[in-house]
Amino acid sequence: MIKLIKPYISFDEVEKEFREIFESGWFTKGKFVEAFREEIKIYTGAKYSYLATSATTALTVCLKILKIGEGDEVIVSDFSFPATANVVEDVGARPIFADVDKATFNMLPEELEKKITKKTKAVIFVDALGNPSGIHEISEICKKYRIPLIEDAACSIGSSENSVRCGNIADLTCFSFHPRKLLTTGEGGAITTNNPAYAKILDVKLNHGSILVDGKFDFVDVGYNYRLPELQAVMGIKQLKKLDQIVRERNKVKDRYVDLLNPLGFKAQAVSADVLHNIQSLVFVVPDEVDRDNLILKLKKNNVETTLGTYCLSGCTYFKNKYQDIQVNSQYLNAKTLTLPCYDGLDFTFVKEGILRSL
Ligand SMILES: *Cc1c(COP(=O)(O)O)cnc(C)c1O
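Reading guide: rules and limits
- Residues numbered from 1 in each chain as written.
- Predicted model: local features only at pLDDT ≥ 70, side-chain atom pairs only at ≥ 80, totals over all residues.
- Heavy atoms only, no water.
- Pairing = 2+ DSSP bridges.
- Helix = DSSP H or I, 4+ residues; strand = E, 2+ residues; numbered from the N terminus.
- Near = heavy atom within 4 Å.
- Polar contact = N/O pair within 3.5 Å; in protein donor to acceptor, adjacent residues only side chain to side chain.
- Areas by Shrake-Rupley, 256 points an atom, 1.4 Å probe, with all protein chains shown as cover.
- Nonpolar A, V, L, I, M, F, W, Y, C, P; charged D, E, K, R; others polar.
- Buried < 20%, exposed > 50% of the residue type's maximum accessible area, 1.4 Å probe, protein only.
- Salt bridge = Lys/Arg side-chain N within 4 Å of Asp/Glu carboxyl O.

(A) Representation of the sheet that holds strand E13 (residues 267–268). Strand order in the open sheet formed by 4 strands is E13-E15-E18-E16, and the pairing between neighbours is antiparallel. Single-partner strands in this sheet number two, and they are E13 and strand E16 (307–308). Taken together, the 2 bridges between E13 and strand E15 (residues 282–285) define a ladder with antiparallel strand orientation. Paired with Ala268 across the strands is Phe284, a residue of E15.

Structure representation (structure tokens):
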């Protein structure tokens, strides 16, 4: 069976540091966490960086520091993993679903502008499957209306727009290190920002609401413990060093798929000319006449693991029942997108034969 994903970390790479952590007994708030946090900052080019337990907790903290809650609206990209809208719902605000471009899968600027109201307190732009195409236009609109832009970059560590890395574009950026992403710590996440005011509140919120005064903790706010442990940080450090190489290799594999699938009527997720896509997932829109779900089953019989692209949030049962506001492009992509295995060392000839036999 050809697996959909490949982990970019082995035990050998972390053994020495893991042993050191176990021998010292220092499992949290130590030097590896500090080093990983620093390296995320350097890698993305952001002024401030924080680690978290997941992109979900990272996004929640961002909404909290913007004081978003009851009566507020947050406009979200509709083609995403449900966590993007769940966090809005969770803080008591209303997610407003903005439809996406059928080529890039990302939020449409005209859809965003149409949905801004007096209640809009933030925009969550999703880099769909790691692709930040179009974020610049969205950022301009947010600036015009003075609305903070949160980038759900759960999938996009290693991607960039106009040579600026994800993490250094939006007002607040959230990453995920779940095993389904390119860089994994098991579970984990990060927040980056260039805004010193946000950084100051994040420092407090992410430390149980405390500040240090004369060497003593003063608890001045309510806060959280969303800390990434030391062992996890080691995993992150190791993969970050290899990330650019990984992204280059994945782009090469993508090119082979495009050569094979374009003539068959499959369209790869579109990427703007100024964007470097990390290809967190390699996703194609299948031709009209192809039943995507059936194709996934046939590919499985041919020993090639594939899956759907991602979800139409407004079409998820909870949000559909509550808001009845289904976005059509996103609904279309939810039904017609296919994720294919994409990594170096992939037996492409085997996959190619599997695809041709499944059509
Ligand atoms: C994976 C993902 C999340 C959730 O990330 P976790 O780290 O698992 O919380 C959120 N948004 C998007 C777009 C994702 O792909």
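Resuming the write-up.
(B) Broad picture of the site of the ligand. Near the ligand, the surroundings consist of 15 residues, among which Ala55, Thr56, Asp152, Ser176 and Lys181 are the closest. A distance of 2.8 Å separates a nitrogen atom of the ligand from a polar side-chain atom of Asp152. At a separation of 2.6 Å, an oxygen atom of the ligand approaches a polar side-chain atom of Lys181. When isolated, the ligand has an accessible area of 390 Å², and the protein chains bury 90% of it. Elements represented by at least two residues in the shell around the ligand include exactly helix H3 (55–65) and helix H4 (83–90). Per-class residue counts for the shell around the ligand are 6 nonpolar, 7 polar and 2 charged.

(C) Representation of unusual backbone geometry in the model. A positive phi is found at Leu129, a non-glycine position, where the angle reads about 55 degrees. When you line up the elements, Leu129 lands in the loop between strand E5 (120–126) and helix H6 (135–145). By relative accessible area, which is 7% here, Leu129 ends up buried. The phi torsion at Arg146 lies on the positive side, around 55 degrees, for a residue other than glycine.

(D) Structural view of the pattern of salt bridges. Enumeration over the complete set of coordinates arrives at 14 salt bridges. For the salt bridge of Lys6 with Asp344, the shortest nitrogen-to-oxygen distance reads 3.2 Å. Of the two residues, Lys6 sits in the segment before helix H1 (11–24) while Asp344 sits in the loop between strand E18 (337–340) and helix H12 (348–358), which places them 338 residues apart along the sequence. Here Asp344 falls in the partly exposed class, since its relative accessible area comes to 25%. Each member of the salt-bridge network shares a partner with another, and the members are Glu111, Lys114 and Lys115.

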